[in-house]
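The primary structure of each chain is shown beneath.
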Amino acid sequence: MDGACSDGVEITSHNHGFAVDPDSLNLNTLETTHVNLNDQTLEGFRHREHPVFCVQYHPEAAPGPHDSHYLFDEFARMMDEGKKG
């Protein structure tokens, strides 16, 4: 997940009843990957050393846009690497 969404804009569905405060994150260990263009809320981040990432939107937004398929591909790749040790 190199830069996650640095290639463009994703159309996603949201539930902003809550949000992660970016100032609460340790940026030595976590990296921001997604930011909402409408309200600048943190939409995703990943751990710099461990195989952990998250997004705060509905990546399965189907039927319709498939912008977020790379997230599932990344998850599958991380699982394969984990099996190898």
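Residues numbered from 1 in each chain as written. Predicted model: local features only at pLDDT ≥ 70, side-chain atom pairs only at ≥ 80, totals over all residues. Heavy atoms only, no water.

Side note on the overall build of the protein
A tally of regular secondary structure across the protein gives 1 helix and 3 strands. Counting helices and strands in the order they occur from the N terminus, the protein gives β-β-β-α. Within the protein, the proportion of its 85 residues that are buried is 26%. Within the protein, contacts between residues separated by at least 24 positions form 43% of all contacts whose residues are at least 6 apart in sequence. For the protein, the accessible surface area stands at approximately 6000 Å², while carbon and sulfur atoms represent 54% of it. (Helix = DSSP H or I, 4+ residues; strand = E, 2+ residues; numbered from the N terminus. Buried < 20%, exposed > 50% of the residue type's maximum accessible area, 1.4 Å probe, protein only. Contact = heavy atoms within 4.5 Å. Areas by Shrake-Rupley, 256 points an atom, 1.4 Å probe, with all protein chains shown as cover.)

Topic: the environment of His 50
Tracing the chain through its elements places His 50 in the loop between β2 (42-47) and β3 (53-55). Take His 50: its relative accessible area is 48%, and that puts it in the partly exposed class. His 50 sits 21 residues away from Thr 29 along the chain, and the two C-alpha atoms are 9.0 Å apart.

Notes on the environment of Arg 48
Inspection of the secondary structure assignment puts Arg 48 in the loop between β2 and β3. Spatially, the C-alpha atom of Arg 48 lies 5.5 Å from that of Leu 30, the residues being 18 residues apart in sequence. Residues contacting Arg 48, with those up to four places away along its chain left out, are Leu 27, Asn 28, Thr 29, Leu 30 and Glu 31. A polar contact of 3.4 Å, which involves the side chain of Arg 48, links it to the backbone oxygen of Leu 30. (Polar contact = N/O pair within 3.5 Å; in protein donor to acceptor, adjacent residues only side chain to side chain.)

Considering the layout of surface pockets
Here the largest pocket defines a volume of roughly 290 Å³. Along its surface, the largest pocket is lined by 14 residues, and Val 9, Glu 10, Val 35, Asn 36 and Leu 37 are the ones closest to its centre. Within the lining of the largest pocket, the residues separate by chemical class into 6 nonpolar, 6 polar and 2 charged. (1 Å grid on protein atoms, 1.4 Å probe; cavity = no way out; pocket = protein on both sides within 12 Å on 5 of 7 lines; lining within 4 Å. Points joined across faces, edges and corners; volume = space filled by probe spheres on them. Nonpolar A, V, L, I, M, F, W, Y, C, P; charged D, E, K, R; others polar.)

Remarks on a nonpolar patch on the surface
A contiguous nonpolar patch, built from Val 9, Ile 11 and Leu 37 and spanning about 340 Å² of accessible area, is present on the exposed surface. In this fold, Ile 11 is placed in the segment before β1 (30-35). The exposure class of Ile 11 is exposed, given its relative accessible area of 58%. (Patch = residues over 30% accessible without salt bridge, like charges linked within 9 Å, V, L, I, M, F, W, Y side chains within 5 Å. Salt bridge = Lys/Arg side-chain N within 4 Å of Asp/Glu carboxyl O.)

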